[in-house]
2 protein chains.
Amino acid sequence: MKGNRIYNFSAGPAMLPEEVLEQAAAEMLDYKGSGMSVMEMSHRSKVYQGIIDEAEKDLRELIGIPENYKVLFLQGGATLQFALIPLNFMFNGKADYINTGVWTKKAIKDAKLYGDVRVIASGEENGFKKIPDVKSLKFNEDSDYVYICDNNTIFGTKYKEYPETGDIPLFCDMSSCFLSEPIDVKKFGLIYAGAQKNVGPAGVTILIIRDDLLAKAPRQPLPAYFDYRLHVENGSMYNTPPTYGIYICGLVFKWLLKNGGLKAREKANEEKAKILYDYLDKSEFFKPFADKSCRSLMNVTFRTPSEELDAEFLEGAKKYRFTNLKGHRLTGGLRASIYNAMPKEGVEALVKYLKEFEEAHK
Amino acid sequence: MKGNRIYNFSAGPAMLPEEVLEQAAAEMLDYKGSGMSVMEMSHRSKVYQGIIDEAEKDLRELIGIPENYKVLFLQGGATLQFALIPLNFMFNGKADYINTGVWTKKAIKDAKLYGDVRVIASGEENGFKKIPDVKSLKFNEDSDYVYICDNNTIFGTKYKEYPETGDIPLFCDMSSCFLSEPIDVKKFGLIYAGAQKNVGPAGVTILIIRDDLLAKAPRQPLPAYFDYRLHVENGSMYNTPPTYGIYICGLVFKWLLKNGGLKAREKANEEKAKILYDYLDKSEFFKPFADKSCRSLMNVTFRTPSEELDAEFLEGAKKYRFTNLKGHRLTGGLRASIYNAMPKEGVEALVKYLKEFEEAHK
């Protein structure tokens, strides 16, 4: 970390690679001799078309997106997609949802406005500490899709294997684990993610959609912005896209490609998470929150023995310039989000502080 | 203009003040000692709350927004609002729209999905060269609102006075003239604008909504992102807002306040537009497109005697590093968008080129 920079454990928006920020700063008044900031460019200009085309090309290479999948850069975050997904794809008005926390609950609530939502499994009874066992799941054959949230930012849980939904398309909110590990796109009908965790600034939402679904969509006439097919037909430029945000995402894609791609990222993320979980598991003071069977590599949830000590821990973290370690109000306790751009040194420094705090308070 | 910077006549996204870009570049890796880029900040953090609060405060001061109006920073551009406006506010399923070009046509098309849209006046028969006479308009008394687009970017027209709608709320898309002149907010029930003309980067949409309308909205249960009231209740942070874009808008608001506010901006914009229109009016070669009665100060539409000469003009413009002077495909010809951040020198330099081109080709 350079200069005054700090270790930011925010659940999102989150840390970005320093190299990316440095390049963005250097190009702010003049992008590659264009005489303009990327913020000032017409989205209809050749220079901007080059930026968005390259971002998509790099993303396709990074993930290995098959040709029969379309890529979109939209706005509105996951929250807007909670509504647009049923509006576009609930062809028969029926879908299966797996409830693993706040984000699926919100998705379920919105989808219910448009059709028959069957919650076929839920982690609610165990306080969302655990992802339901996918092996024992039964899907409704008349479902238009099965919907899951891969990584649950608030509770710190993650699917370790995906449900086998056969001919029913699997739709996945990957917001908080997207690009943190390889993705087998062909398992899914639709993948989407808000950028503000591993990818770029808030305000960009990336979607990857299988083209046979798009060919049938939308299920009814929709206003322009709601219509995924219209956005696809216009290369994410039916209306002005979040041009600067997409440019930053493109810089992050190049940073990932240069640094070994998603396999290297997975290895680094496993290493970082292991350092933290290993310490928490052997600690007699800190307690991890999520069940061992489904721990997130991105969001590590834990707590001290009391709310007072949690508060003291957060207060003491300031001294080391660690920020955003407070858990979500629904879980309480503490949370360290360690996305792609969090260096291993940041996790090691945090563990050092955990040890020190445990020593002083146990 | 510094260094390699050029005169960018784009209709949007468009030029931003150099000072703003310089500050953004300087703060990219460390915003005011926070150790973070604004892009990396949790939207739930105190430091970011300070940024969005200050942006709203400055915007309220700049315009003089009455207390009974709420301000929102959302996503999705005008295009998303075309749908959300009727979904939230078409309480009786009826609204009057005035059609002044592409953007109102799109708004009308979307609104028709949700109710009875009465197009009470249209500029279509005169090729949208003219804003319909507002004095002679009759409004339907059962309308939930009257909808207009103030400045028509494509055709270069602008309302010089607004329709008097009595008790029916007037809703206004101000995307391409927002903050270019003083705004009398109390004339309107709702004002909205995409940021990418005079305000900031694409991906931020600003709304100003009278609170009695919000108290009745939405007209039916809506998914979370569609529901303006939910966004208002959460201070534009129901979900993650476009944090970095809002920060840039905030820097632009400060730049405007420092430079005399909206009155000074109006004066400067009138001066700039006059230089260009005066030349076009006396030219025997170039022809302005929009009717004199309703010329935009932001988007100056004109043409040479032929398409071939238009093309030659655009080719020649490269030599002076003028960019984005091509007219929209619907009008053809040429267009110079001269938003707030376009300096007077840019317009003077353009007129010099117009003269030179006219001399050489008349």
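Cut-offs and rules
- Residues numbered from 1 in each chain as written.
- Chains lettered and ligands numbered in written order.
- Predicted model: local features only at pLDDT ≥ 70, side-chain atom pairs only at ≥ 80, totals over all residues.
- Heavy atoms only, no water.
- Helix = DSSP H or I, 4+ residues; strand = E, 2+ residues; numbered from the N terminus.
- Buried < 20%, exposed > 50% of the residue type's maximum accessible area, 1.4 Å probe, protein only.
- Contact = heavy atoms within 4.5 Å.
- Areas by Shrake-Rupley, 256 points an atom, 1.4 Å probe, with all protein chains shown as cover.
- Lys, Arg positive; Asp, Glu negative; His and termini not counted.
- Charge placed at Lys NZ, Arg CZ, Asp CG, Glu CD.
- Least-squares fit on C-alpha atoms with pLDDT ≥ 70 in both.
- Domains from an automatic or database assignment.
- Buried area = accessible area lost by both parts, 1.4 Å probe.
- Salt bridge = Lys/Arg side-chain N within 4 Å of Asp/Glu carboxyl O.
- Phe/Tyr/Trp six-rings, centres within 6.5 Å; stacked < 30°, edge-to-face > 60°.
- Pairing = 2+ DSSP bridges.
- Axes fitted to C-alpha atoms, helices over the stretch in contact; angles between N-to-C directions.
- Parallel < 35°, antiparallel > 145°, perpendicular 65-115°, else oblique.
- Left-handed = near helix turned anticlockwise from the far one by under 90°.
- Nonpolar A, V, L, I, M, F, W, Y, C, P; charged D, E, K, R; others polar.

1. Things to note about the overall build of chain A
- Assigned secondary structure in chain A consists of 10 helices and 14 strands.
- Looking at chain A as a whole, 64% of its 362 residues are labelled buried.
- Sequence-distant contacts, at least 24 apart, represent 68% of the contacts inside chain A between residues at least 6 apart.
- Total accessible area computed for chain A in this model is approximately 13600 Å², and 49% of it derives from carbon and sulfur atoms.
- Across chain A, the 49 positively charged side chains and the 49 negatively charged ones have centroids separated by 2 Å.

2. Examining the relation of the copies chain A and chain B
- Each copy of the sequence occupies a distinct position, and chain A is placed on chain B by a rotation of 180° and an axial shift of 0.0 Å, giving an RMSD of 0.0 Å. Seen this way, the second copy is the image of the first under a two-fold rotation axis. Proximity to the rotation axis, assessed at the C-alpha, singles out alanine 25 of chain A in chain A; its C-alpha lies 2.2 Å from the axis.
- When you check the interface residues of chain A against chain B, 100% turn up at the interface there too, and the contact is symmetric in its surfaces.

3. Remarks on unusual backbone geometry
- Between alanine 217 of chain A and the following residue, proline 218 of chain A, the backbone shows a cis peptide bond with an omega angle of -10°.
- Along the chain, the position of proline 218 of chain A falls in the loop between helix H5 (211–216) and helix H6 (228–233).
- A cis geometry characterises the amide bond from glycine 12 of chain B onward to proline 13 of chain B, with omega recorded as -10°.
- With respect to the helices, strands and loops of the structure, proline 13 of chain B is situated in the loop between strand S1 (7–8) and helix H1 (18–26).
- Positioned with a positive phi, phenylalanine 128 of chain B is a non-glycine residue whose angle comes to about 60°.
- Locating phenylalanine 128 of chain B in the fold gives a position in the loop between strand S4 (116–122) and strand S5 (146–149).
- Looking at phenylalanine 128 of chain B, the relative accessible area reads 7%, which means it is buried.
- Not every positive phi belongs to a glycine, and asparagine 324 of chain B is a case in point at roughly 65°.
- Assignment of secondary structure puts asparagine 324 of chain B in the loop between strand S13 (322–323) and strand S14 (334–337).
- Take asparagine 324 of chain B: its relative accessible area is 23%, and that puts it in the partly exposed class.

4. A look at the domain arrangement of chain A
Residue and element names in this part refer to chain A.
- Here the domain parsing of chain A yields domain 1 (21–258) and domain 2 (261–360).
- Placing the centre of domain 1 and that of domain 2 at their C-alpha centroids yields a distance of 27 Å.
- Every contact between the two is made by 28 residues of domain 1 and, on the other side, 23 residues of domain 2.
- When domain 1 packs against domain 2, close to 2200 Å² is buried across both sides, 60% of that on carbon and sulfur atoms.
- Applying the counting criterion to the domain 1 and domain 2 interface returns zero salt bridges.

5. Thoughts on the packing of aromatic side chains
All names here are of chain B.
- Applying the stated criterion across every chain, the model contains 54 aromatic pairs over all chains.
- Look at phenylalanine 286 and phenylalanine 313: their rings are 5.7 Å apart centre to centre, the planes differ by 75°, and that puts the pair in the edge-to-face class. Taken as a pair, phenylalanine 286 in the loop between helix H8 (261–282) and strand S11 (287–288) and phenylalanine 313 in helix H9 (residues 307–317) lie far apart in primary sequence, 27 residues in all. For the residue pair phenylalanine 286 and phenylalanine 313, the accessibility class agrees, reading buried in each case.

6. Points about the pattern of salt bridges
Residue and element names in this part refer to chain A.
- Counting across every chain of the model gives 54 salt bridges over all chains.
- Note that aspartate 142 is salt-bridged to arginine 118, the shortest N-O span being 2.8 Å. Pair noted here: aspartate 142 is in the loop between strand S4 (116–122) and strand S5 (146–149) and arginine 118 is in strand S4, with a separation of 24 residues, a long-range link.
- Look at arginine 118 and you get buried, because its relative accessible area is 16%.
- Via salt bridges that share partners, Lys94, Asp96, Asp116, Arg118 and Asp142 belong to a single interconnected network.

7. Overview of the sheet that holds strand S10 (residues 205–210) of chain A
All names here are of chain A.
- Judged by pairing direction, the sheet is mixed, and its seven strands sit side by side in the order S2-S10-S9-S8-S5-S3-S4 without closing on themselves. Because the sheet does not close on itself, it has two edges, and the strands there are strand S2 (69–74) and S4. Within the sheet, the average angular offset between the axes of one strand and its neighbour, ignoring direction, is 20°.
- Sheet analysis places S5 next to strand S8 (residues 170–173), joined by four bridges and oriented parallel. Among the inter-strand pairings, tyrosine 147 is bridged to a residue of S8, identified as phenylalanine 171.
- Contacting S2 and S10, helix H2 (residues 46–63) crosses the sheet at an angle of about 130° to S2.

8. Points about the packing of H9 of chain B against helix H10 (residues 344–361) of chain B
Residue and element names in this part refer to chain B.
- At a minimum axis distance of 11 Å, the contact between H9 and H10 shows a crossing angle of 130°. In this view, H9 runs oblique relative to H10, as classed from their interaxial angle. The two elements H9 and H10 meet at a crossing, and its hand is right-handed. Between H9, through Leu309, Glu312, Phe313, Gly316 and Ala317, and H10, the contact on the second element is made entirely by Leu350, Tyr353, Leu354, Phe357 and His361.
- By residue class, the composition of the contact of H9 with H10 is seven nonpolar, two polar and one charged.

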